[in-house]
Amino acid sequence: MTEQDLDQDRFLLFTLNKEHYATPLMGVREVVEIQKPKPIPHTTPSFLGVINIRGEIVGVIDLRVKMGYPALETKSEAMMVFNTAGGSLAAIADSMEGVTRIQPESIDRNASIDSRLPLHFLIGIARIKDRLVTVIDLQKVLEKEEVRTLLRSA
Amino acid sequence: MSEFDTDQEFLKIFLEEARDILSDWERNCLALQSDPSQAVCSALFRAAHNLKGSARSVGLAEYGTFIHTAEDVITNIRDGKTEAKPEIVKALLDAQAILLEWRDGLDSDSKCRAPSRTEDIRAKLKAMIGGSASQALDTSAGFGFFEDTLPQVPVYEESAPASFARGSTPGSSPNNQSKSKSSGNDTIRIPATRIDGLMQLIGELSIQQATILHSLKNNSMHEPICHRAVQIAGKLTRELQLQTMALRLIDLSKLFQKLERTARDLALDQKKAIRIELSGSDVELDKNVIERISDALVHMIRNAVDHGIESKEQRGQKPECATLTLAAFQSASGVTIEISDDGAGINHERVLTKAIGMGLARPSDNLSPSKIYEFMFAPGFSTASKVTEVSGRGVGLDVVKRNIDELGGSIDIQSTVGVGTKFSISIPLTVSIVDSLIILSDGFSYVVPIQEISEIIDLRSFTSESQNSESSTISLRDRALTIRPLNTFLTTKSHKKSTTVTVTGNHKPVMVIETEGQKVGFSFDSIVGQQPILIRQLADYISDMPGFTGNTVLANGDPALIVSPKEFARLYFKKKDAA
């Protein structure tokens, strides 16, 4: 097994409305401390605004609002930052649980689940200890993110 | 790496190379007309030959075969068998346009087929060589070929008018070029010495950083050695910023080449004889700026050839061959590009009549010529009695002016009837750093480029003449000025706000914005300060929103949006007109 293959089965665990989720670790650029975003006009409710990460301006998505759960006043302490084709985006979940290995064969790829996340980026369901974890490629979800509400000029 | 990846890798390298070679091809073709010397022919031949070789080496056999046909024509010119007539040069330029279009196609899809016109052009090129070949067969076997190059001319002239008509379908080549610009033109060639300079600076900077870190660990932040390191780091950072920005500077030769070709194609089309003089193509400008002025300049050069330069019969005393001059030079504030012609000049009485007709001026106004020329930049203004294919492209001088305005530049027109016209465009050297005002609206800071603001007034010193729920009107130097709160354009979901113009606190600043001859005021909460701001592009997912041009990080580390009040003013007037 090469080093790359070893990385492939590492996942970042987070929670959203008491449900457990995992996203491939290799897709996450970094995890940073939460900052108060500066709102941007004419954007969707889930787009909280922009923050400054070491001089780079990064958009912030509230995953709760995006999935249709009510927004929480007390937010988690950290954000996951992803590089997408449209620019960097930070996603806020309820809490960050850590990194774990999930063997590819232990992910049930045919599970039928009822989730508010866009299902075509769903990888499957895995059982970690006693918990059921939804494995989803968040980077791909954010890749398709449309945050503008205003008609574009062009 | 799989074989497929390697192939893709080679194809990519080829496509990069092809763009450069095709640009050489174009340049040499343009040179060929004025200077059909051996050196130019050989350069053109080398371009075609190299491209053919490279194309075949990456498996693009069809691409290579097409070039081969063109190469045969070039060989004939080089060997003196064919003269470099305008029609032949035109065909070679058409071939270049096709190859470029094809290249761009391959860039997005490696299996891209030849563009549909390819066969026509190939047939034409074949006719040019085939003419001599078939002639050779006719005259009798074998060696007649070399002596009998003259009789080929009639054969080839038959096909020439066709090539003329098809090849110069209005705007075909400029359009292709503007398309290629948006697709894959995101690479810049940088001399290795510039990179070395950057490496050097970064090396020095990391040494200073180590010193600072060391002081921090040993609690000696206030020792002179640390102070010096901070100072040097500051200086290095500024230097890095300057040099990094200089990486984006490219010279104007490619742009001038495109303009020259546009002018030549159009002149040929309209049967006008022109001579094009270029100077200052080595002047450097930010790549962004070049891309943004490119379409405006193409429009102006077409204007000059179409409207400025008269037909041969109308030129009277002047030499039959008109002169079009494209010049660029560096000035204190930036770069100036001049387009001048020795054509008919602008009839300012006609402009004035039209302006009066459009309600832009009154007959009683006593206006200077330069004021009158300004009307030409009004939307929908055209004195052309007939709409030609050229002027019907949907880009008017108003768009040209707007493009230049957005870059913080200016246009100046000088014209004498019967002598000629000169357009001068001045552009600031870099658009990445602009002097800006930082303002507060609803508790959030926004950045406004100072050049967009005509003036700032304090609303408290005025009495409102009328007020309704969303705007208020005051009298500014005897003219009515409508004032809207700026925050109506900055709606964020997290804030409730008052949308009326009310005077609270000590000051109520209002920025007065002028666009297309109309003025409007935007009120906001307060002015935080003024500082030069480094503009960064907005991420894709929030770009393209009218009025929001970029973002930046303020001195306190907060991100802030850069807004364009001129764009808001335009939106406001558009809405008002619609209502």
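Structure: above.
No experiment lies behind these values; they were computed from the predicted model shown.

Peer 1: Tell me what's going on with the overall build of chain B, and back it up with residues and numbers.
Peer 2: Along the backbone of chain B there are 16 helices and 18 strands. Taking all 579 residues of chain B together, the buried fraction comes to 44%. Considering only intrachain contacts with a sequence separation of at least 6, the fraction spanning at least 24 residues in chain B is 67%. For chain B, the exposed surface amounts to about 29300 Å²; the carbon and sulfur share of it is 53%.

Peer 1: An account of the overall build of chain A is requested, with residue identities and associated values reported.
Peer 2: Secondary structure assignment for chain A yields three helices and 11 strands. Across the 154 residues of chain A, 50% fall into the buried class. Counted over contacts in chain A with a minimum sequence separation of 6, partners at least 24 positions apart contribute 57%. With the model as given, the accessible surface of chain A reaches about 8100 Å², and the carbon-plus-sulfur share is 49%.

Peer 1: Which residues make up the sheet that holds strand S7 (residues 87–92) of chain A, and what are the values?
Peer 2: Residue and element names in this part refer to chain A. Strand order in the open sheet made by the five strands is S3-S6-S7-S5-S4, with mixed pairing throughout. Looking at strand neighbours, the two that pair on one side only are strand S3 (28–33) and strand S4 (47–53), the edges of this open sheet. Averaged over all pairs of adjacent strands, the angle between their axes in this sheet comes to 35°, without regard to strand direction. The pairing of S4 with strand S5 (residues 56–62) spans six bridges and is antiparallel. Looking at the pairing, Phe 47 lines up with Ile 61 of S5.

Peer 1: So what's going on with unusual backbone geometry? Residues and values would help.
Peer 2: Across residues other than glycine, the phi torsion is negative in most instances, and most of the peptide bonds are trans. The residue A:Asn17 is not glycine, and still its phi comes out positive at about 50°. Residue classification places A:Asn17 among the partly exposed positions, given a relative accessible area of 31%. Of note in this structure, B:Arg477 is not a glycine but carries a positive phi near 45°. On the accessibility criterion, B:Arg477 (57% relative accessible area) is exposed.

Peer 1: So what's going on with the interface of chain A and chain B? Which residues, and what values?
Peer 2: By convention, interface size is frequently given as the accessible area that disappears when the constituent parts associate. Opposite the 28 residues of chain A that make contact, chain B presents 25 residues. For the pair chain A and chain B, the two sides together bury roughly 2200 Å², of which 64% comes from carbon and sulfur. Here chain A is connected to chain B by zero salt bridges. At the boundary of chain A and chain B, one finds two residue pairs in polar contact (both at pLDDT 80 or more). Elements that contribute at least two residues to the side of chain A that touches chain B include exactly S4, S5 and S7 of chain A. Ranked by residue count, the leading element in the side of chain A that touches chain B is S4(A), at four residues. Looking at side-chain class alone, the side of chain A that touches chain B contains 14 nonpolar, 10 polar and four charged residues.

Peer 1: Please set out the packing of aromatic side chains residue by residue, giving values where relevant.
Peer 2: Residue and element names in this part refer to chain B. A complete count under the given rule lists seven aromatic pairs over all chains for this structure. Aromatic pair Phe 489 and Phe 522: ring centres 5.3 Å apart, planes at 75°, arrangement edge-to-face. With a gap of 33 residues between them, Phe 489 in the loop between strand S13 (479–485) and strand S14 (509–515) and Phe 522 in strand S15 (residues 518–523) connect regions that are remote in the sequence. Across the pair, Phe 522 and Phe 489 agree in class, each one buried.

Peer 1: Go over the pairing of S7(A), please, and point to the residues and values.
Peer 2: Put simply, side chains in a regular strand alternate between the two faces of the sheet. Residues and elements named next belong to chain A. Counting buried positions over the six residues of S7 gives six, a clear majority of the element. Summarising the sheet, S5 and S7 pair through four bridges and their orientation is parallel. Each residue of the ladder has a partner; that of Gly 59, found in S7, is Leu 89. Relative to S7, strand S6 (residues 78–84) runs antiparallel, the two sharing six bridges. In the strand pairing of S7, Asn 83 is matched with Ser 88.

Peer 1: How would you sum up the pairing of S6(A)? Please name residues and give values.
Peer 2: All names here are of chain A. The element S6 is largely enclosed, with a buried count of six among its seven residues. With five bridges connecting them, S3 and S6 associate as antiparallel partners. Counterpart to Val 32 in the pairing with S6 is Met 79. Adjacent in sequence and paired antiparallel, S6 and S7 are bridged by two residues.

Peer 1: Just give me the short version of the sheet that holds strand S9 (residues 107–108) of chain A, but keep the residues and values in it.
Peer 2: Here six strands make up an open sheet; going across it, the order is S8-S1-S2-S11-S10-S9 (chain A) and the pairing mixed. Because the sheet does not close on itself, it has two edges, and the strands there are strand S8 (95–101) and S9 of chain A.

Peer 1: Outline the side chain of B:Arg261, listing residues and values.
Peer 2: Residue and element names in this part refer to chain B. Within the secondary structure, Arg 261 sits in helix H11 (residues 253–269). Exposure remark for Arg 261: the relative accessible area of 3% places this residue in the buried category. Polar side-chain contacts of Arg 261 include one of 3.0 Å to the backbone oxygen of Leu 93.

Peer 1: Lay out a nonpolar patch on the surface in plain terms, naming residues and giving numbers.
Peer 2: Residues and elements named next belong to chain B. Together, Ile 190, Ile 195 and Met 199 make up an exposed nonpolar region whose accessible area comes to about 270 Å². Residue placement: Met 199 occurs in helix H9 (residues 192–217). Owing to a relative accessible area of 57%, Met 199 belongs among the exposed residues under this scheme.

Peer 1: Residues and numbers for the environment of A:Arg54, please.
Peer 2: All names here are of chain A. For Arg 54, the location among the structural elements is in the loop between S4 and S5. Overall, the relative accessible area of 68% leaves Arg 54 in the exposed class. In this structure, Arg 54 is in contact with Arg 29 and Glu 30, ignoring residues within four places of it in sequence. In this structure the side chain of Arg 54 is engaged in a polar contact, spanning 3.1 Å, whose partner is the side chain of Glu 30.

Peer 1: Tell me about H9(B), residues and numbers included.
Peer 2: Residue and element names in this part refer to chain B. Between its first and last C-alpha, H9 extends 38 Å over 26 residues, near the 38 Å set by a 1.5 Å rise per residue. Taken as a whole, H9 has its buried residues at Leu 198, Leu 201, Gln 208 and Ser 215. Phi turns positive, to about 55°, at Asn 219, one or two residues after H9.

Peer 1: Explain the pattern of salt bridges to me, using residue names and the numbers behind them.
Peer 2: Per the counting criterion, the structure on display carries 26 salt bridges over all chains. In this structure, B:Asp458 and B:Arg460 form a salt bridge, with 3.6 Å as the shortest nitrogen-oxygen distance. It is possible to trace a salt-bridge network through shared partners that takes in A:Arg29, A:Glu30, A:Arg54 and A:Glu56.

Peer 1: So what's going on with the packing of helix H12 (residues 287–308) of chain B against helix H15 (residues 397–406) of chain B? Residues and values would help.
Peer 2: Residue and element names in this part refer to chain B. Contact geometry for H12 and H15: axes closest at 9 Å, N-to-C directions at 145°. Judged by the twist between their axes, the crossing of H12 over H15 is left-handed. When H12 is examined against H15, the residues Arg 292, Ile 293, Ala 296, His 299, Met 300 and Asn 303 are found in contact with a partner set consisting of Leu 397, Val 400, Asn 403, Ile 404 and Glu 406. Of the residues belonging to the contact of H12 with H15, the class tally is six nonpolar, three polar and two charged.

Peer 1: So what's going on with helix H10 (residues 224–246) of chain B? Which residues, and what values?
Peer 2: Spacing of three or four residues puts side chains on the same side of an α-helix, whose turn is 3.6 residues. Residue and element names in this part refer to chain B. For H10, spanning 23 residues, the distance from its first C-alpha to its last is 33 Å, which sits close to the expected 33 Å at 1.5 Å a residue. Of all the residues in H10, the buried ones are Cys 226, Ala 229, Ala 233, Leu 236, Leu 240 and Met 245. Where H10 is buried, its residues contact H9, strand S1 (249–251), strand S8 (433–441) and strand S16 (526–534).

Peer 1: Can you tell me about the packing of helix H2 (residues 38–57) of chain B against helix H3 (residues 61–78) of chain B, naming the residues and giving the values?
Peer 2: Residue and element names in this part refer to chain B. It is the contact of H2 with H3, at a shortest axis distance of 9 Å, that shows an interaxial angle of 160°. With respect to each other, H2 and H3 are oriented roughly antiparallel. Every pair of crossing elements has a handedness; the one defined by H2 and H3 is left-handed. Residue-level contacts link Gln 38, Cys 41, Ser 42, Leu 44, Phe 45, Ala 48, His 49, Leu 51, Lys 52, Ala 55 and Arg 56 of H2 to Tyr 63, Gly 64, Thr 65, Ile 67, His 68, Glu 71, Ile 74, Thr 75, Ile 77 and Arg 78 of H3. Here the residues of the contact of H2 with H3 sort into 10 nonpolar, seven polar and four charged.

Calculation notes
- As a convention, each chain's residues are numbered from 1 in the sequence order in which they are written.
- A letter from A marks each chain and a number from 1 marks each ligand, given out in the order of writing.
- Per-residue local features of the predicted model are confined to residues with pLDDT of at least 70, and side-chain atom pairs are confined, for both listing and counting, to 80 or more; whole-chain, interface and lining totals are unaffected and use all residues.
- Heavy atoms from the whole structure form the basis of all side-chain values; hydrogens and water molecules are not counted.
- Numbering of helices and strands starts at the N terminus; helices are DSSP runs of H or I of at least 4 residues and strands are runs of E of at least 2.
- The cut-offs for exposure are 20% and 50% of the maximum accessible area for each residue type, with area from a 1.4 Å probe on protein chains only; residues under the lower value are buried, those over the upper are exposed, and the others partly exposed.
- Contacts are assigned to residue pairs with any non-hydrogen atoms lying within 4.5 Å of each other.
- Here the Shrake-Rupley method, with its probe set to 1.4 Å, supplies the accessible areas, and only the displayed protein chains count as covering residues.
- By definition, two strands form a pair when at least two bridges between them are found by DSSP.
- Fitted lines through C-alpha atoms serve as axes, helices being fitted only where they are in contact, and the angles separating the N-to-C directions of these axes extend from 0 to 180 degrees.
- Summed over both partners, buried area is the accessible surface (1.4 Å probe) that two parts give up on being assembled.
- For salt bridges, the criterion is a side-chain nitrogen of Lys or Arg within 4 Å of an Asp or Glu carboxyl oxygen.
- Definition of a polar contact: a pair of N or O atoms within 3.5 Å, with one able to donate and the other able to accept a hydrogen when the atoms are protein atoms, and with sequence-neighbouring residues admitted only if both atoms are side-chain atoms.
- Three categories are distinguished: nonpolar for Ala, Val, Leu, Ile, Met, Phe, Trp, Tyr, Cys and Pro, charged for Asp, Glu, Lys and Arg, and polar for the others, with Gly belonging to the last.
- Centres within 6.5 Å make a pair out of two Phe, Tyr or Trp rings, where for Trp the six-membered ring is used; the pair is then stacked when the planes are under 30 degrees apart, edge-to-face when over 60, and tilted otherwise.
- The patches reported here contain residues having more than 30% relative accessible area and no salt bridge. Joining distances are 9 Å for like charges and 5 Å for nonpolar side chains (Val, Leu, Ile, Met, Phe, Trp, Tyr).
- By this rule the span expected of a helix is its residue count minus one, scaled by 1.5 Å.
- By definition, turning the near helix anticlockwise from the far helix through less than a right angle yields a left-handed crossing, and turning it clockwise yields a right-handed one.
- We call two directions roughly parallel when the angle between them is under 35 degrees, roughly antiparallel when it is over 145, roughly perpendicular when it lies between 65 and 115, and oblique otherwise.

It is worth stressing that arrangement in space is one thing and function is another; only the former is reported here.
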